[in-house]
Amino acid sequence: ENHPKVENDWRARGLPLVIVPDNAAEFHASDLILAFNELGIEILYPRSRGPQMKGAVERFFKTLAVALIHRLHGTTFSNSQERGDYPSEERASLTLQELDGLVLRWIVDVYHQKTHRGLYGKTPAEAWLTGEIERTPRLPNDLDALEAVLGLRHSARVHHYGIELDGQQYHSPELGELGRRLGPQARVDV
């Protein structure tokens, strides 16, 4: 609905079994690790400074850059030699929202519709559909619970009146029972 120019379906959905992020700090954040553990998602960190450990991702970024990004007005190219005296700043003319739409359309209508040697002549769209037949994607049962799992967490002490977070007090019979069972120094993740 938000991208009427996209012609094909992007069937990719569900919770992954495994992710292979880069080693940026945000992928090592304790909140994210706790959330992935609760969702049953395994995190496989590649060795630092080892792009060969995530070749498929690096290859995709190169394909995206060559086939789309470096063809747009204002591209900075892949290096300064290739850029030469091209006035990237003067030619830049896209908003982030427009770029998002172009990338989405390229992925769904171009990249996912071309056969790939690594997929034995199938398109990514066909490979996904075959995968769905073999294993139904895991979908979250409750979107509110998913949002809570993926939210920021804070540790709060359980007092006789409940917990306090950002100047707000929260209490329930279940929280009171938990505080009694865990003792006076009980802390919970909120």
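Structure first, text after, so check above.
Residues numbered from 1 in each chain as written. Predicted model: local features only at pLDDT ≥ 70, side-chain atom pairs only at ≥ 80, totals over all residues. Heavy atoms only, no water.

(A) The arrangement of the packing of helix α2 (residues 55–67) against helix α5 (residues 96–109) in detail. As a packed pair, α2 and α5 sit with axes 12 Å apart at the nearest point and diverge in direction by 110 degrees. Taken as axis vectors, α2 and α5 run roughly perpendicular relative to one another. The crossing of α2 and α5 is right-handed. In contact with Phe60, Thr63, Leu64 and Ala67 of α2, α5 contributes Val103, Trp106 and Ile107. Residues belonging to the contact of α2 with α5 are distributed by class as follows: 6 nonpolar, 1 polar and no charged. (Axes fitted to C-alpha atoms, helices over the stretch in contact; angles between N-to-C directions. Helix = DSSP H or I, 4+ residues; strand = E, 2+ residues; numbered from the N terminus. Parallel < 35°, antiparallel > 145°, perpendicular 65-115°, else oblique. Left-handed = near helix turned anticlockwise from the far one by under 90°. Contact = heavy atoms within 4.5 Å. Nonpolar A, V, L, I, M, F, W, Y, C, P; charged D, E, K, R; others polar.)

(B) Structural context of the nonpolar core. Judged by nonpolar contacts, Leu15, Ile19, Ala35, Phe36, Leu39, Ile41, Ile43, Leu146 and Val149 together constitute the single largest core of 9 residues. Broken down by secondary-structure element, the contributors of at least two residues to this core are α1 (30–39) and α7 (143–150). The residues contacting Ala35, other than those within four sequence positions of it, are Val149, Leu150 and Arg153. In terms of nonpolar packing, the next biggest core, distinct from the first, is built from 8 residues, Leu64, Leu68, Leu72 and Tyr111 among them. (Core = buried A, V, L, I, M, F, W, Y, C linked by side-chain atoms within 4.5 Å. Buried < 20%, exposed > 50% of the residue type's maximum accessible area, 1.4 Å probe, protein only.)

(C) Representation of the pattern of salt bridges. All told, the structure shown has 6 salt bridges when counted by the stated rule. One salt bridge in this structure joins Arg180 and Glu177, with 3.6 Å as the shortest N-O distance. You can see Arg180 and its partner Glu177 sitting in helix α8 (residues 173–182), 3 residues apart, about one turn around the helix. Assessed through its relative accessible area of 61%, Arg180 is described here as exposed. (Salt bridge = Lys/Arg side-chain N within 4 Å of Asp/Glu carboxyl O.)

(D) A look at α8. Within the sequence span of α8, burial applies to Leu175, Gly176 and Gly179. Taken down its axis, α8 places every buried residue within 100 degrees of arc, on the same side. In α8, the exposed positions angled more than 90 degrees off the buried face are occupied by Pro173, Glu174, Arg180 and Arg181. Of the surrounding secondary structure, the elements contacted by the buried residues of α8 are β4 (163–165) and β5 (168–170). Positioned one or two residues after α8, Gly183 has a phi angle of 100 degrees, which is positive. (Arc of directions from axis to C-beta.)

(E) Geometry of the environment of Glu90. Assignment of secondary structure puts Glu90 in helix α4 (residues 88–91). Spatially, the C-alpha atom of Glu90 lies 7.0 Å from that of Gly74, the residues being 16 residues apart in sequence.

(F) Structural context of the packing of aromatic side chains. Tallying each qualifying case throughout the model produces 5 aromatic pairs. Both rings, one in Phe60 and one in Trp106, keep their centres 6.1 Å apart while their planes meet at 50 degrees; by these two values the pair is tilted. Residue Phe60 is located in helix α2, and its partner Trp106 is located in helix α5; the two are separated by 46 residues in the primary sequence. Across the pair, exposure class does not vary: Phe60 and Trp106 are buried alike. Ring geometry for Trp106 against Tyr111: centres 5.4 Å apart, planes inclined by 35 degrees, an arrangement best described as tilted. Each of the two residues, Trp106 as well as Tyr111, counts as buried. (Phe/Tyr/Trp six-rings, centres within 6.5 Å; stacked < 30°, edge-to-face > 60°.)

Geometry only, nothing functional implied.
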